[in-house]
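# Results of the structural survey
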Amino acid sequence: MSYTIHTIESADYQAAAELLKAAFASSKKTIDFDGQLATLRLERTYLPTFELVSKDAHDNIVGYGTISDAYIQGQPTAKLAILNPLGVLPDFQKQGVGRQLVDELEHRAFVRGYQAILTTDCPDYFALFGYDLADHFDIRDAQTAASKLSLRELRPGALRHTAGLLMYSPALNHKTIDDKSIDTVE
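Residues numbered from 1 in each chain as written. Predicted model: local features only at pLDDT ≥ 70, side-chain atom pairs only at ≥ 80, totals over all residues. Heavy atoms only, no water.

With that settled, the discussion passes to helix α2 (residues 33-42). Of all the residues in α2, the buried ones are Phe-33, Gln-36, Leu-37, Leu-40 and Arg-41. Down the axis of α2, the smallest arc covering the buried residues is 130 degrees, so these residues share one side. (Buried < 20%, exposed > 50% of the residue type's maximum accessible area, 1.4 Å probe, protein only. Helix = DSSP H or I, 4+ residues; strand = E, 2+ residues; numbered from the N terminus. Arc of directions from axis to C-beta.)

This is the structure:
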């Protein structure tokens, strides 16, 4: 089956949030995706072209992904993005939908001059796309274990002089309590 990638439209907002709930239903995470996405869309640096949906031949949304601005504390000129959230409906997983979304988000970030994309979860999955642990670049995150934070340089050597503490939207921060992830955005 073929899938097409589209920049999200406001008519897709609810379906995107529902898709993420379904994609993460089997995980231990309980995240308010409606609130998280709404908050990300209000960010000063939000770009609609960085919020994508994947649709099947019947125009149903089967995948979702977005990137938002990130930076290294004390190095505001480092142009980084964080890929979060990314989700595919369970019935459409392992069919290349996630890969198409990641490829297109990386392409759009590259065209806009971003140096790298980081992820805060599923390092084994993202390793399939050439992501490496951010710890190898001396980049860390106060919210994410070093074993889960990974990145991909969009230009070889782009992070040569970049190291430190990663900063990004508080909408993406979650606190785990008793095996449940609670959104910490107020």
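Counting 28 residues, the largest nonpolar core has Tyr-64, Leu-80, Leu-118, Ile-139 and Leu-166 as the members making the most contacts within it. Of all the secondary-structure elements, those providing two or more residues to this core are α1 (13-23), α2, β3 (61-72), β4 (75-88), β5 (116-119) and β9 (164-168). What Ile-139 contacts, discounting residues up to four positions off in sequence, is Ile-72, Leu-118, Ala-134, Leu-149, Leu-151, Leu-159, Thr-162, Ala-163, Gly-164 and Leu-166. One finds Ile-67, Leu-101, Phe-129 and Tyr-131 within the second-largest nonpolar core, a separate group that totals 21 residues. (Core = buried A, V, L, I, M, F, W, Y, C linked by side-chain atoms within 4.5 Å. Contact = heavy atoms within 4.5 Å.)

Under the counting rule described, the total for this entry stands at seven aromatic pairs. Seen from their ring centres, Tyr-125 and Phe-129 are 4.9 Å apart, and the 85 degrees between their planes marks the pair as edge-to-face. For Tyr-125, a relative accessible area of 32% translates into the label partly exposed. Site record: aromatic cluster; members linked through ring pairs are Tyr-125, Phe-126, Phe-129 and Tyr-131. (Phe/Tyr/Trp six-rings, centres within 6.5 Å; stacked < 30°, edge-to-face > 60°.)

Turning our attention to the pattern of salt bridges. According to the stated counting rule, one finds nine salt bridges in the structure shown. With a closest N to O distance of 2.5 Å, Arg-152 and Glu-106 form a salt bridge. Here the residue Arg-152 occupies a position in strand β8 (residues 150-153), and Glu-106 occupies one in helix α3 (residues 97-111), the gap between them amounting to 46 residues. Residues joined in a network through salt bridges with shared partners are Asp-12, Lys-55 and Asp-59. (Salt bridge = Lys/Arg side-chain N within 4 Å of Asp/Glu carboxyl O.)

Spatial relationships are all this shows, so hold off on functional conclusions.
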